[in-house]
Amino acid sequence: MSVQTKATIASFGGKLLKLAHNASTTNCEMAFNLYLPPQTTTNSLHKVPLLIYLAGLTCTGDNGAEKGFFQHAASQKGIAILYPDTSPRGLKIEGEDESYDFGNGAGFYVDATKSPWSKGYKMYSYITQELPKAVFENFTEIDSERVSIFGHSMGGHGALTLFLKNPGKYKSVSAYAPIANPMKCPWGEKAFSGYFGEEEKGKWAEHDATELVKKWKGEPLDILIDVGTADNFYKQNQLLPENFAKAAEGKGKVNVRWQDGYDHSYFTMATFADDHVNHAARYLLEKA
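All figures in this text were calculated on a predicted structure; none of them were measured in a lab.

K.L.:
I tried to follow the nonpolar core on my own but got confused; where do I start?
P.N.:
Generally speaking, a soluble globular protein has its nonpolar side chains buried in company with each other. With 71 residues, the main nonpolar core has Leu34, Phe108, Ile142, Ile149, Leu164, Tyr195 and Phe244 as its most contacted residues. Here the element with the most residues in this core is helix α4 (residues 123–138); it accounts for 7 residues. Here Phe108 is in contact with Leu57, Thr86, Asp101, Met154, His157, Ile179, Trp187, Gly188, Ala191, Phe192 and Tyr195, once residues within four sequence places are set aside.

What follows is the structure, encoded as structure tokens:
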């Protein structure tokens, strides 16, 4: 599966690649960013682990790469970071551009089953299968056996659900301000109604981190979650991290850190970027 390089940008001693490929799951060209740390150029035999960052509503693969400052710690630890897009682009489905929280930029990391969205809104399969396969085939310096995942808001929802739905696939997970109980919040209710149908509550539960963690039977959890006390979306009951933390009791450690005065923006993510990369590094590098 060929990948086109659109730009190469120096970043913290490594390089940030702006890439694109034709994806069968989403029926369109998908753009994404990939950060390769300096360790990939100093030793051609050295394979680096991969950390996948899932972005939030309205974002593309550029936002985290350009504003998250994750490359700082990743360059020190020797970790590649993959920044996918948040939805298919240009499918020309009626209604996909009508609102910021559904359609373009709002794929919610699910495989839609309701027409017409089922024709290309397959972000779950894209993120878990097609995109990493393309990356590992084209960038052999990345170790396909060492992968972690994290994300912000809608992407925090995606990171938590992909981790919980695929035990052992990802070494670790963390999140900023995740939509942690989408069945109970306006964003999730709108997205799941559109992508699955209002009556398909069983399908909704398959992509709700709070519901998934109740059934977790894998290794004890170690999840880092940061939420700002000035986050307006938390105040609007869109995130509900306390529901997730309560449902996870007895399943391991869920460390919800309330960051005083911080909001929902990339300023918050950049401030705690090193913490999240270091959280992943503990698992990605433990057997390196």
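The rest of the description comes next.
K.L.:
Could you clarify how one ought to interpret the UniProt feature "active site" (unreviewed entry) in the protein in this entry?
P.N.:
Here, the residues flagged by UniProt with the feature "active site" (unreviewed entry) are Ser153, Asp231 and His264. Judged by maximum C-alpha separation, these annotated positions cover 112 residues in sequence but sit close together in space, the widest gap being only 10.9 Å. Its place among the elements puts Ser153 in the loop between β6 (142–152) and α5 (154–165). Setting aside chain neighbours within four positions, we find Ser153 in contact with Gly56, Tyr176, Ala177, Pro178, Ile179, Trp187 and His264. On the secondary structure map, His264 appears in the loop between β9 (252–259) and α11 (266–271). Judged by relative accessible area, His264 falls into the buried class, the value being 14%. Every residue in contact with His264, bar those within four places of it in the chain, is listed here: His152, Ser153, Ala177, Asp231, Phe233 and Leu239.

K.L.:
Would you mind showing me how to read the pairing of strand β7 (residues 173–176) here?
P.N.:
A regular strand carries its side chains on alternate faces of the sheet. Neither face of β7 is open: one carries Val173 and Ala175, the other Ser174 and Tyr176, and all of them are buried. Between the parallel pair β6 and β7, the chain is carried across by α5, and the sense of this crossover is right-handed. In this structure, β7 lies alongside strand β8 (residues 221–228), joined through 4 bridges in parallel fashion. Along β8, the bridge assignment pairs Ser174 with Leu224.

K.L.:
How should the packing of aromatic side chains be read in this particular structure?
P.N.:
How two aromatic rings sit relative to each other is set out by the distance from centre to centre and by the angle between their planes. Inspection of every chain in the model, using the stated rule, returns 17 aromatic pairs. With a centroid separation of 6.3 Å and an interplanar angle of 45 degrees, the aromatic rings of Phe70 and Tyr176 are classed as tilted. Of this pair, Phe70 sits in helix α3 (residues 70–77) while Tyr176 sits in strand β7, placing them 106 residues apart in sequence. Taking relative accessible area as the criterion, Phe70 reaches 0% and is therefore assigned buried.

K.L.:
What should I look at first to understand the pattern of salt bridges in this one?
P.N.:
Close approach of charged atoms lets side chains of opposite charge pair. In the structure shown here, the tally under the stated rule is 12 salt bridges. A salt bridge links Glu66 to Lys18; its shortest N-O distance comes to 2.9 Å. Taken together, the residues Glu66 in helix α2 (residues 61–67) and Lys18 in strand β2 (residues 14–23) connect sequence positions 48 residues apart. Look at Lys18 and you get buried, because its relative accessible area is 17%. Between Lys214 and Glu211 there is a salt bridge, with the nearest N and O atoms lying 3.2 Å from each other.

K.L.:
What is the right way to look at the packing of α3 against helix α12 (residues 273–284) in this model?
P.N.:
Each packed pair of helices is defined by two parameters, the angle between the axes and the distance between the axes. Running from N to C, α3 and α12 cross one another at 35 degrees; their axes reach a closest spacing of 8 Å. Two packed elements cross with a definite hand, and for α3 against α12 that hand is right-handed. Two secondary-structure elements touch here, α3 through Phe70, His72, Ala73, Ala74 and Lys77 and α12 through Ala273, Asp274, Val277, Asn278 and Ala281.

K.L.:
What am I meant to see in the environment of Thr271 here?
P.N.:
Locating Thr271 in the fold gives a position in helix α11. Residues Thr271 and Phe69, spaced 202 residues apart in sequence, show a C-alpha to C-alpha distance of 8.4 Å.

K.L.:
Looking at this structure, I do not really get the sheet that holds β2. What am I missing?
P.N.:
In sheet architecture, strand pairing relies on hydrogen bonds along the backbone and comes in two forms, parallel and antiparallel. One open sheet accounts for 9 strands, arranged β1-β2-β3-β5-β4-β6-β7-β8-β9; its pairing is mixed. For this open sheet the edge positions go to β1 (4–11) and β9, each flanked by a neighbour on one side alone. Geometrically, the sheet is characterised by an average inter-axis angle of 20 degrees between neighbouring strands, direction not taken into account. Note that strand β3 (residues 28–36) and strand β5 (residues 80–83) share 3 bridges and pair antiparallel. What sits directly across from Leu34, in β5, is Leu82. Of the strands in this sheet, β2, β3, β4 (48–54), β5 and β6 touch α4, which is tilted by about 120 degrees from β2.

K.L.:
Would you take a moment to explain the pairing of β3 for this structure?
P.N.:
For β3, the buried fraction is high: 7 of the 9 residues fall into the buried class. Pairing geometry for β2 and β3, over 9 bridges, is antiparallel. In the strand pairing of β3, Leu17 is matched with Leu34. Hairpin remark: β2 followed by β3, antiparallel, with 4 residues in the connecting loop; positive phi at Asn27, about 60 degrees.

The rules we used
Residues numbered from 1 in each chain as written. Predicted model: local features only at pLDDT ≥ 70, side-chain atom pairs only at ≥ 80, totals over all residues. Heavy atoms only, no water. Core = buried A, V, L, I, M, F, W, Y, C linked by side-chain atoms within 4.5 Å. Buried < 20%, exposed > 50% of the residue type's maximum accessible area, 1.4 Å probe, protein only. Helix = DSSP H or I, 4+ residues; strand = E, 2+ residues; numbered from the N terminus. Contact = heavy atoms within 4.5 Å. UniProt positions renumbered as here; feature names shortened; annotations may be inferred. Right-handed = clockwise from strand over helix to strand, strands pointing away. Pairing = 2+ DSSP bridges. Phe/Tyr/Trp six-rings, centres within 6.5 Å; stacked < 30°, edge-to-face > 60°. Salt bridge = Lys/Arg side-chain N within 4 Å of Asp/Glu carboxyl O. Axes fitted to C-alpha atoms, helices over the stretch in contact; angles between N-to-C directions. Left-handed = near helix turned anticlockwise from the far one by under 90°.

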